[in-house]
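# Descriptive structure summary
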Amino acid sequence: MSSQTPPIPPEDVLSAAEAEDAKLASAHRSYSQGQLVRRRFFAHKPAVVSMAVLVFIIIISVTSIGFSGQGTGWWSKSFLATGITVDGGRPTMFNDGFLGDHPFGQDSIGRDYFAMVMRGIQQSLVVAIGVAFASTFLGVLVGALAGYFRGWIEAVLMRVTDVVIVVPLLALAAVFGAYAQNLPGGTLTLALFIGLATWTGTARLVRAEILSLREKDYVSAAVAMGAHPARIILKHMLPNSIGVIVVNATFAIAAAILLETTLSYLGFGVQPPETSLGSLIQNNQNAFTTRPWLFWFPGLFIIAIALSVNFIGDGLRDAIDPRQKRTGSSRPGWRTAFGLLGRATAEERAGTQVKELSGGPSQLQMPAGMSDHGPDFGHDPTDEKRDS
Amino acid sequence: MREPVLSYKDIRVSFATEFGDVDAVKGVSFDVMPGEVVAVVGESGSGKSVTSSTAMGLLPENATVHGEVLLEGRSVLNMSTAERRRLRGADISMVFQEPMTALNPVLRVSDQLIEALQVHDVAFGAEALERSIELLERVGIPDARTRIRQYPHQFSGGQRQRIVIAMAIACGPKVIIADEPTTALDVTVQAEILDLLRELKEELNTGILLITHNMGVVADMADRVVVMLNGEVVETGPVTKILSHPEHPYTRRLLAAMPLLRAAGDPSLEPERVSVTERADASADGLAPNGTTNGFSGDGAAGAASVAPPALQAKDVALEYKFRRRATRVVHDLNFTVQPGEIMGLVGESGSGKSTVAKAVLGLLDVAEGELRVRGMNMPALPSKERKTLKREIGVVFQDPAASLDPRFPIGDIITEPMVVHKEGDKNSRMARARELLDAVRLPSSVLNRYPHELSGGQRQRISIARALTLNPTLLIADEPTSALDVSVQAAVLDLFSELQQHYGFACLFVSHDLAVVDALAHKVMVMQNGRTVEQGTTDQVLRHAKESYTQQLLAAAPVPDPEVQARRRTERQRLLAALA
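Residues numbered from 1 in each chain as written. Chains lettered and ligands numbered in written order. Predicted model: local features only at pLDDT ≥ 70, side-chain atom pairs only at ≥ 80, totals over all residues. Heavy atoms only, no water.

### Section: the overall build of chain B
What counts here: Numbering of helices and strands runs from the N terminus; a helix is a DSSP stretch of H or I covering at least four residues, while a strand is a stretch of E covering at least two. For the exposure calls, accessible area comes from a 1.4 Å probe over protein chains only, and a residue counts as buried if that area is under 20% of its type's maximum, exposed if over 50%, partly exposed in between. Here a residue-residue contact requires only that any non-hydrogen atoms of the pair lie within 4.5 Å. Computed with a 1.4 Å probe, the accessible areas rest on the Shrake-Rupley method; for each residue, only the protein chains presented here act as cover.
Looking only at helices and strands, chain B features 23 helices and 20 strands. By residue count, 57% of the 581 residues in chain B fall in the buried class. Long-range pairs, those at least 24 residues apart, make up 69% of the contacts in chain B between residues at least 6 apart in sequence. Working note: accessible area of chain B is about 23,400 Å², and carbon and sulfur atoms make up 50% of it.

Structure representation (structure tokens):
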């Protein structure tokens, strides 16, 4: 071949290799993985709004009554101080100025319910973050060791995991919760103990991730260059499974808030006089028909916190996992976040189903032009792709 | 004038991405006549697959298509989803690249073939089964009546591709789109599949749109060629004209970049290549001066320096994979020697055990039997600390550029990682070494702070080579380092590789399935089949004067990018196979 081909004249046509090099030299903006993730996360509207909501909730709960809960912030009432019940404990919000004396009302012994709810939020968040931290740490440790070393280490660790899984979570958490009541450290100790019951999901996910990373060439390259297992796990494998870990941790936060609520409701969680959102609901369940605000306010905050943490987890997953399917530059909006599709897509889907029925295998096939009666749904190819 | 079965008219495709719209195809038009094979060639990113997928409507969700695709005069893009679904399989069908994933592993082959027939009302029930058996016989599956009840994993890769082809022709399509149908297959299997496609085309008068990057396949199959670059057609015409007298400079470059298996007496065979040992000695001497970080001198190796031990030596090596305590031996009685500064090509088809050998040398797999000596020391038997010291003498380049660099490490950290692992140098000297190596692989030092995903495949492979050379190893293991690259990129990487080899003088075990690539680089060649050595010797002996019939078959099956020569080779190969049978 080379003997027949005349020498290639100097041309503006570059070979692929040269074109790539030129492109690299000219590219000036460099995005790291972290920057790309941040970019995608901030383009995810529900996640950003949820983050704002969560930060707002945290700020008011901390600044209003202070860390101690004794009314050291801008809200001067303590969550422990009793008083005279005014107007049957009805909320004064929007009635008596903007907030009034007791914006969320008072409980039966005259404690300020706003201060109590704020304290509940603080305690619930401490539990949530503590549980998430403890369970993620334990889960990552077990999963990474099992996945990397395989063999008997994996067998032992995963059987332990199985044993923890077969015990009902609530029973286990209740036992740990009851045990933690006798220990110093209060809510945080409780949180770490609950974490001992909830790490199993993370361990399994991390193990699966590590198992797939084991087969990657860059891990083989690191093994071949003589790197220590600790270096391979910490430097190569965990950073590459950070997506799974972070996302799982956020969902663990949401789950932990609900678990703490359940435990407190059953009486194994945060103990009085300390309070949490769950125990507020438990204490006031009998008042639901007569004084519903005692039920509604903590309930609303539980929903708000759990929902926004879930949305943040959603956003993180979309941002970290590049395999996530996304239609071009259009970001997940509110409708898609709640599982609602665009009207056009829904109509189009309905339309194609109707057409399929009329042209199904066992029926007469219509000539190409004739099956197109109704509105013109399928013609724009971009429109059509959206539902597949 | 015959009507084209499939014609693309001014196709434009753009993809919406995070960073704005990307135009992948910019106005492409061409026709496929009945019974004609049109090959669309181009490198990755040229838009060849995207263009052809518009006919099937298989583009991802973020694509926007403009233009017209006519199938026998009917516009495909204006059809509804349901209409188009009826079209797929019945009028246009597809053969995919990867036969492993194109078949559903949990369904029997019979179910999948019958499904193809029933969906399009061709046949039902027992009749469909009979038709399926006929189809399998037609594509050359032996004992089709019993084997049709089997699952895909019970067939070999080539047979699976035959089944995929059987599904594609089940409803008598007018056009078959074959997207790199033989890229995942071994050369001998590739030749058989191409033979089959050729027969079917003549028998059924089907138009075939063949998408490929392999000019040899083009020469073997195509009637007409469309050359694409960056979403545009740069040249189109009959195959003889394009391959023998290309007009566009890009086509010429593409052809020039194809590595060629040289016949005996080719003028380009330099006499220099013969004197291997001489050069090896010279480069072994030259190793110390430029080896700034070559700290391997202690532990008794220094005493033996006067007679340099072979860089790598295998003595009666057997390798096995263990699964549930049962060992499957995949490599038997392996013996070879790689002298310092020498490149040994290890060739074979998939399943021959060539990559397993590379794994064992890297210490990723235990040696079951025999000795594997690196610089005279039996590596598997060494205590772990000494083995780690010995590992700095071995560099590695893997096949897949997408997987061989840690996506979370910046390039600078990737290149200096071996130094960090072996606790060598401080931050500044490491970075200096990284700059030096980037310079050696001809990349700007600004990429130090970039991440692998910002680089193309060829560039990443060059980074891999740089990382392998960080500690100035005496031995480099290259496991198919260019198989995943485009031809012109492959040519550039191979040039760079041999240049670096001459400069740094490392010995190399070069694993490849591509005989032409091995011919271009290696001093010695070893051919493996089913875990055993078939033939070994100098490159010239093995590739030009092959003694073993298996080597001859391999050589005969490799297609060359010249239609006339390829036609001649094809008949020769058939004669060879007939003689063997």
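### A short note on the packing of helix 7 (residues 157-169) of chain B against helix 8 (residues 187-204) of chain B
Residue and element names in this part refer to chain B. Threshold: To get an axis, a line is fitted to the C-alpha atoms, and for a helix only the part in contact is used. The angle between two axes follows their N-to-C directions and goes from 0 to 180 degrees. Orientation is classified from the angle alone, with under 35 degrees giving roughly parallel, over 145 giving roughly antiparallel, 65 to 115 giving roughly perpendicular, and any other angle giving oblique. Crossings are sorted by hand: turned counterclockwise from the far helix by less than a right angle, the near helix makes the crossing left-handed, and turned clockwise it makes it right-handed. In this classification, the charged set is Asp, Glu, Lys and Arg, the nonpolar set is Ala, Val, Leu, Ile, Met, Phe, Trp, Tyr, Cys and Pro, and all remaining amino acids, among them Gly, are polar.
Where helix 7 contacts helix 8, the axes come no closer than 10 Å and their chain directions differ by 15 degrees. Regarding the angle of helix 7 to helix 8, the classification is roughly parallel. Read as a crossing pair, helix 7 and helix 8 show a hand that is right-handed. Counting all contacts with helix 7, which are made through G158, Q161, R162, I165 and I169, the residues of helix 8 involved are V189, E192, I193, L196, L197, L200 and L204. Among the residues making up the contact of helix 7 with helix 8, the classes are represented as eight nonpolar, two polar and two charged.

### Focus on the sheet that holds strand 1 (residues 6-17) of chain B
Residues and elements named next belong to chain B. We apply this condition: Note on pairing: two strands pair once DSSP finds at least 2 bridges between them.
With respect to topology, four strands assemble into an open sheet ordered 2-1-4-5, the strand pairing being antiparallel. Either end of the sheet is taken by a strand with one partner, and the two such strands are strand 2 (20-32) and strand 5 (74-75). As paired strands, strand 1 and strand 2 are joined by ten bridges and run antiparallel to one another. Across the sheet, I11 pairs through a bridge with V28, a residue of strand 2. Set on the sheet, helix 1 (residues 48-56) makes contact with strand 1, strand 2 and strand 4 (63-71); between it and strand 1 the angle comes to about 110 degrees.

### Here's the deal with the confidence of the model for chain B
Regions with low pLDDT carry predicted coordinates that are not meant to be interpreted in detail. Threshold: A residue's pLDDT is simply how confident the predictor is in it, with values from 0 to 100.
With 92% of its residues at a pLDDT of 70 or more, chain B has an overall mean of 84. Scored below 50 in pLDDT, residues 271-306 of chain B makes 42 contacts in the model with residues more than four places away or belonging to other chains.

### Here we look at unusual backbone geometry
Positive phi is not limited to glycine here, since A:R150 has a value of about 50 degrees. Take A:R150: its relative accessible area is 33%, and that puts it in the partly exposed class. In the Ramachandran plot, B:E480 falls in the positive-phi region, its phi being about 45 degrees despite a non-glycine side chain. Within the element layout of this structure, B:E480 appears in the loop between strand 17 (475-479) and helix 19 (487-504).

### Some thoughts on a nonpolar patch on the surface
Residues and elements named next belong to chain A. Condition: Only residues whose relative accessible area exceeds 30% and that form no salt bridge enter a patch; like-charged residues are grouped when within 9 Å of one another, and nonpolar side chains (Val, Leu, Ile, Met, Phe, Trp, Tyr) when within 5 Å. Whenever Lys or Arg places a side-chain nitrogen within 4 Å of a carboxyl oxygen from Asp or Glu, that contact is recorded as a salt bridge.
On the surface, V126, F133, L188 and L192 cluster together into a nonpolar patch covering about 370 Å² of accessible area. Those elements that provide at least two residues to the nonpolar patch are helix 4 (113-149) and helix 7 (187-198). For V126, the position within the fold is in helix 4. Assessed through its relative accessible area of 34%, V126 is described here as partly exposed.

### Side note on the sheet that holds strand 20 (residues 532-538) of chain B
Residues and elements named next belong to chain B. Spatially, 16-17-18-13-19-20 is the arrangement adopted by the six strands of the open sheet, whose pairing is mixed. Pairing within the sheet leaves two strands with one partner each, and these edge strands are strand 16 (394-397) and strand 20. Between one strand and the next, the sheet's axes are offset by a mean angle of 15 degrees, whatever the strand orientation. Bridge count for strand 13 (residues 343-347) against strand 19 (residues 524-529) is four bridges, and the pairing is parallel. Residue pairing in the sheet places V347 in a bridge with V527 of strand 19. In the packing of helix 22 (residues 549-557) onto the sheet, the strands contacted are strand 19 and strand 20, and the crossing angle to strand 19 comes to about 100 degrees.

### A few points about the environment of B:P105
Residues and elements named next belong to chain B. Looking at the element boundaries, P105 is found in the loop between helix 3 (99-102) and helix 4 (109-119). According to the relative accessible area criterion, P105 is exposed, its value standing at 57%. Setting aside residues up to four positions removed in sequence, P105 forms contacts with Y151 and P152.

### Details of helix 11 (residues 242-266) of chain A
Quick note on the threshold: One less than the residue count of a helix, multiplied by 1.5 Å, gives the span that helix is expected to have.
Counted at 1.5 Å a residue, the expected span for helix 11 of chain A with its 25 residues is 36 Å, and the 35 Å between its end C-alpha atoms agrees. Count one or two residues on from helix 11 of chain A and you reach A:G267, which has phi positive near 95 degrees.

### As for empty space enclosed by the protein
Filter applied, for reference: Only protein atoms enter the 1 Å grid used here. Points where a 1.4 Å probe fits but cannot escape make up a cavity, open sets with protein on both sides within 12 Å along at least five of seven lines make up a pocket, and a residue lines them when an atom lies within 4 Å of a point. Grid points are joined across faces, edges and corners, and a volume is the space filled by probe spheres set on the points.
Summed over the entire model, instances satisfying the criterion amount to seven cavities of 30 Å³ or more. Taken as a whole, the largest cavity spans an internal volume of roughly 120 Å³. Forming the boundary of the largest cavity are 16 residues, of which A:M225, B:I394, B:G395, B:P418 and B:R467 lie nearest the centre. For the lining of the largest cavity, the secondary-structure elements that each account for two or more residues are helix 9 (217-224) of chain A together with strand 16 and helix 18 (457-469) of chain B. Looking at the lining of the largest cavity, the element that brings in the most residues is strand 16 of chain B, giving three residues. Partitioning the lining of the largest cavity into residue classes produces ten nonpolar, three polar and three charged. Approximately 80 Å³ is the volume found for the second largest cavity.

### Some thoughts on the pairing of strand 20 of chain B
Residue and element names in this part refer to chain B. Relative to strand 20, strand 19 runs antiparallel, the two being bridged by six bridges. Bridging across to strand 20, V525 finds its partner in G537. From the end of strand 19 to the start of strand 20, which pair antiparallel, there are two residues, and N530 there has a positive phi angle of about 50 degrees.

### Description of the packing of aromatic side chains
All names here are of chain B. We apply this condition: Side-chain rings of Phe, Tyr and Trp (the six-membered ring for Trp) are treated as a pair once their centres are within 6.5 Å; stacked means planes under 30 degrees apart, edge-to-face means over 60, and tilted covers the remaining angles.
With the rule as written, the count across this model stands at seven aromatic pairs over all chains. Look at F497 and F506: their rings are 5.9 Å apart centre to centre, the planes differ by 70 degrees, and that puts the pair in the edge-to-face class. In this structure F497 comes out as buried when scored by relative accessible area, which is 2%.

### Brief notes about the pattern of salt bridges
All names here are of chain B. With the rule as written, the count across this model stands at 33 salt bridges over all chains. Between R138 and E199 there is a salt bridge, with the nearest N and O atoms lying 3.5 Å from each other. In this pair, R138 is assigned in helix 5 (residues 125-138) and E199 in helix 8, connecting sequence segments 61 residues apart. By relative accessible area, which is 26% here, R138 ends up partly exposed. Classification of E199 by relative accessible area gives partly exposed; the value is 42%. Between E369 and R329 there is a salt bridge, and its shortest N-O distance comes to 3.3 Å. Taken together, the positions of E369 in strand 14 (residues 367-374) and R329 in strand 12 (residues 326-338) put the pair 40 residues apart, joining distant regions of the chain. Its relative accessible area of 41% is what places E369 among the partly exposed residues. Judged by its relative accessible area of 33%, R329 falls in the partly exposed class. Three or more residues are tied together by salt bridges with common partners; here these are D195, R198, D220, R570 and R573.

### Some points on the packing of helix 17 (residues 427-440) of chain B against helix 19 of chain B
Residue and element names in this part refer to chain B. Remark: helix 17 packs on helix 19, axes separated minimally by 11 Å, with the N-to-C direction vectors making an angle of 125 degrees. It follows from the interaxial angle that helix 17 and helix 19 lie oblique. For the pair helix 17 and helix 19, the contacting residues are R433, L437 and A440 in the first and L496, L500 and Y504 in the second.

### Topic: the environment of A:G66
Residues and elements named next belong to chain A. Residue placement: G66 occurs in the loop between helix 3 (45-65) and helix 4. Take G66: its relative accessible area is 9%, and that puts it in the buried class. Sequence separation between G66 and S76 is ten residues; the distance between their C-alpha atoms is 9.5 Å. If we skip the residues at most four places from it in the chain, G66 touches T72, G73 and Q122.

### Overview of the nonpolar core
We apply this condition: Grouping buried Ala, Val, Leu, Ile, Met, Phe, Trp, Tyr and Cys residues that are joined through side-chain atoms within 4.5 Å yields what is termed a nonpolar core. Residue ranges assigned to the domains are those given by an automatic or database domain assignment.
Counting 57 residues, the largest nonpolar core has B:L136 and B:V218 as the members making the most contacts within it. Both domains that meet at this core, namely domain 1 (1-91 + 175-183 + 205-258) and domain 2 (98-172) of chain B, each give it at least three residues. Beyond its immediate sequence surroundings of up to four residues, B:V218 is in contact with B:A39, B:V41, B:T212, B:V225, B:V239 and B:L243. Ranked by size, the runner-up nonpolar core spans 53 residues in total, among them A:A128, A:F297, A:A319 and A:I320.

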